[in-house]
Amino acid sequence: MSPERILITGASGCVGQHICHQLFQHSDAELLLWLRNPSKLTAVPHNHPRITLLVSDLRDQSSHDQLLKGVTRVIHTATAWGDPLRAKQVNIDAVKELLARLDPTKLNQVIYFSTASILNKDLQLFDEAEEFGTEYIQTKAQCLRQLEAHPLAAKIVAVFPTLVFGGRVDGMGAFPNSYLTSGLGEAIGWLWLARWLRADSSFHFIHAADIAKVCCHLCLAPHQANPEAGQGAVRRLVLGQPAITINKAVAQLCCWRGMWRPPGIPLWGWLIEALIKVLPIEINAWDRFSIRQRHFVHSPISPPERFGLHSHASNLEAVFNEAGLPQRGPLRQATTCQSVAEGPS
């Protein structure tokens, strides 16, 4: 059989570059990498015979029409936020146009990237996502609804990353930083306050390298009809490690930084409202919905282990280490901070 011809949109982003790197290293696939700025692509060689760069905005597709017709797999990571018009054009209109340009007789699979923020614990779409969501949340929710009814729905796997770590806090890693890793430095600056507070909240996270592992596994294996119970034609996979509470995450971060964590103050609703007023925080309707939601957990989740793979960073200690987050004082044991996270909240 001929090698797969895989189109990766958003190829210069944090997740996109991890996917490009793993497919380049561990497959014989031909890679079509769609990006706006080739200078940002550092994970793979630009001039390798297996790599073709498609340089344009996702809204400019006509110049790539002939290449797109030969694609057998798509990993669509590209997205937009901030400007409502651009978000709609990129997150909805361009996705519809891209699917129309593909040859359905050659296409085996589309891996479409969304966000776990739009799904409830049972992987069903929040009605509030379209009602209260930002332009990013709204367009992702609307696109998912449209994909469920698309003629190619049976070939689509929708992946929903949870909180994504990737890169290094000093910006000197081999891959770009995720927004969450970039924010770790700022989080340390607020640790003096956070260590005093206790929040009834929990979340999943995942490293970009582990997202890439799952996506590469999916796009190199024969595609099959959606085997997930209770879903439609489009398969939904929430990519994340087992949930951790906010309290345990703060405790682990304090341990990593060698900082004492005193008895805490519960974050009651009225106290949260007071902090919003005092601190330099802007809150919109979606933020308020999220604050009320508190627990951002899903079942099932899909870490690499669900597919017989091994996670690159299965816990926060591994994430901090990968990010090059500075420690204050040596750890007593290699498992010290992870044990703190697994202990009482």
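Since we're looking at a predicted model, the values are computed, not measured. (Residues numbered from 1 in each chain as written. Predicted model: local features only at pLDDT ≥ 70, side-chain atom pairs only at ≥ 80, totals over all residues. Heavy atoms only, no water.)

### Some remarks on the packing of helix α3 (residues 84–101) against helix α5 (residues 135–148)
Axes are the key here: two packed helices are described by the angle between their axes and the distance separating the axes. This is how the line gets drawn: Axes, fitted as lines to C-alpha atoms, cover a helix only where it is in contact. Angles between the N-to-C directions of the axes lie from 0 to 180 degrees. In this description a helix means any DSSP run of H or I spanning at least four residues, a strand means any run of E spanning at least two, and both kinds are numbered starting from the N terminus. Angles below 35 degrees are treated as roughly parallel, those above 145 as roughly antiparallel, those between 65 and 115 as roughly perpendicular, and all remaining angles as oblique. Handedness of a crossing is defined here by the sense of rotation of the near helix relative to the far one, left-handed for an anticlockwise turn of less than a right angle and right-handed for a clockwise turn. Two residues qualify as a contact provided that any one of their heavy atoms is within 4.5 Å of a heavy atom in the partner residue. When residues are grouped by polarity, Ala, Val, Leu, Ile, Met, Phe, Trp, Tyr, Cys and Pro land in nonpolar, Asp, Glu, Lys and Arg in charged, and all others, Gly among them, in polar.
With their axes 8 Å apart at the nearest point, α3 and α5 run at an angle of 20 degrees to one another. Put simply, α3 runs roughly parallel to α5. For the pair α3 and α5, the crossing hand works out as right-handed. On α5, the residues that touch P84, A87, K88, N91, I92, V95, K96 and L99 of α3 are E135, Y136, T139, Q142, C143, Q146 and L147. Grouping the constituent residues of the contact of α3 with α5 by class yields eight nonpolar, four polar and three charged.

### Regarding the sheet that holds strand β12 (residues 244–245)
So the rule is basically this: For two strands to pair, DSSP has to find at least two bridges joining them.
Strands sit in the order β12-β9-β14 across an open sheet of three strands; the sheet is mixed. The open sheet has two edge strands with one neighbour each: β12 and β14 (295–296).

### A few points about the packing of aromatic side chains
Here is the rule: Within 6.5 Å between ring centres, the rings of Phe, Tyr and Trp (the latter by its six-membered ring) count as paired, and their orientation is classed by plane angle as stacked under 30 degrees, edge-to-face over 60, tilted in between. Summary of the burial criterion: residues with accessible area below 20% of their type's maximum are buried, those above 50% are exposed, and those between are partly exposed, where the area comes from a 1.4 Å probe applied to protein chains only.
Enumeration over the complete set of coordinates arrives at eight aromatic pairs. Ring geometry for W81 and Y179: centres 5.6 Å apart, planes at 80 degrees, overall edge-to-face. Taken together, the residues span a long stretch of sequence, with W81 in the loop between β4 (73–76) and α3 and Y179 in helix α6 (residues 179–182) at a distance of 98 residues. With a relative accessible area of 67%, Y179 lands in the exposed category. Between the aromatic rings of W190 and W192, the centroid separation amounts to 6.3 Å while the plane-to-plane angle is 25 degrees, which identifies the pairing as stacked. Members of the aromatic cluster, connected to one another through ring pairs, are W81, Y136 and Y179.

### Side note on empty space enclosed by the protein
For clarity, the cut-off: A 1.4 Å probe that fits but cannot get out identifies a cavity on a 1 Å grid over protein atoms alone, an open set with protein on both sides within 12 Å along at least five of seven lines counts as a pocket, and a residue lines either if it has an atom within 4 Å of a point. Grid points are joined across faces, edges and corners, and a volume is the space filled by probe spheres set on the points.
Applying the stated criterion to the full structure yields one cavity of 30 Å³ or more. Along the walls of the largest cavity sit V74, H76, V95, L98, L99, V110, Y112, L147 and I156, which together make up its complete lining. Considering each element in turn, the lining of the largest cavity owes the most residues, three residues, to α3. Split into classes, the residues belonging to the lining of the largest cavity amount to eight nonpolar, one polar and no charged.

### Quick look at the confidence of the model for the chain
Spelled out, the test is: Here pLDDT means the predictor's own confidence in every residue, given as a number from 0 to 100.
When the pLDDT values of the chain are averaged, the result is 91; 93% of them are 70 or greater. In this model residues 331–335 is a low-confidence stretch, pLDDT under 50, and it forms six contacts with partners more than four residues away in sequence or in other chains.

### Let's talk about the pattern of salt bridges
To keep it simple, the criterion reads: Salt bridge, as used here: a side-chain nitrogen of Lys or Arg that lies within 4 Å of a carboxyl oxygen of Asp or Glu.
By the definition in use, this model includes 15 salt bridges. The salt bridge partner of D65 is K69, with a shortest N-O separation of 3.9 Å. Residue class for D65 comes out buried when judged on its relative accessible area of 19%. Owing to a relative accessible area of 35%, K69 belongs among the partly exposed residues under this scheme. Linking R101 and D65 is a salt bridge whose minimum nitrogen-to-oxygen distance equals 2.9 Å. Linking R101 in helix α3 with D65 in helix α2 (residues 65–68), this pair joins segments that are 36 residues apart in sequence. Here R101 and D65 have matching classes, each one buried. Taken together, the shared-partner salt bridges connect D65, K69, E97 and R101 into one network.

### Some points on the pairing of strand β11 (residues 235–239)
Buried residues dominate β11, accounting for five of its five residues. The pairing of strand β6 (residues 156–161) with β11 spans five bridges and is classified as parallel. Bridging across to β11, F160 finds its partner in V238.

### Side note on the nonpolar core
Applied cut-off: What makes a nonpolar core is a set of buried Ala, Val, Leu, Ile, Met, Phe, Trp, Tyr and Cys residues whose side-chain atoms join them at distances within 4.5 Å.
Core analysis: the biggest nonpolar cluster contains 43 residues, and L7, V74, L102, I118 and F160 have the highest contact counts within it. When residues of this core are traced back to their parent elements, those giving at least two are β2 (30–35), α3, β5 (109–113), α5, β6 and α12 (285–293). Core analysis: the next-biggest nonpolar cluster, separate from the first, contains 34 residues, I19, C20, A29 and L31 among them.

### Structural notes on helix α10 (residues 246–256)
Among the 11 residues of α10, nine are classified as buried, and the element is accordingly described as predominantly covered. Among all positions of α10, only N247, A249, V250, A251, Q252, L253, C254, C255 and W256 are buried. Just past α10, the residue G258 takes up positive phi, approximately 65 degrees.

### Quick look at the side chain of R236
We count it as follows: Side-chain atoms alone can form a polar contact between residues adjacent in sequence; in general such a contact is a pair of N or O atoms within 3.5 Å, and within protein one must be able to donate a hydrogen while the other accepts it.
Along the chain, R236 turns up in strand β11. For R236, a relative accessible area of 10% translates into the label buried. Reaching out from R236, the side chain makes a polar contact with the backbone oxygen of L123 at a distance of 2.7 Å. In terms of polar contacts, R236 uses its side chain to reach the side chain of E148, at 2.8 Å.

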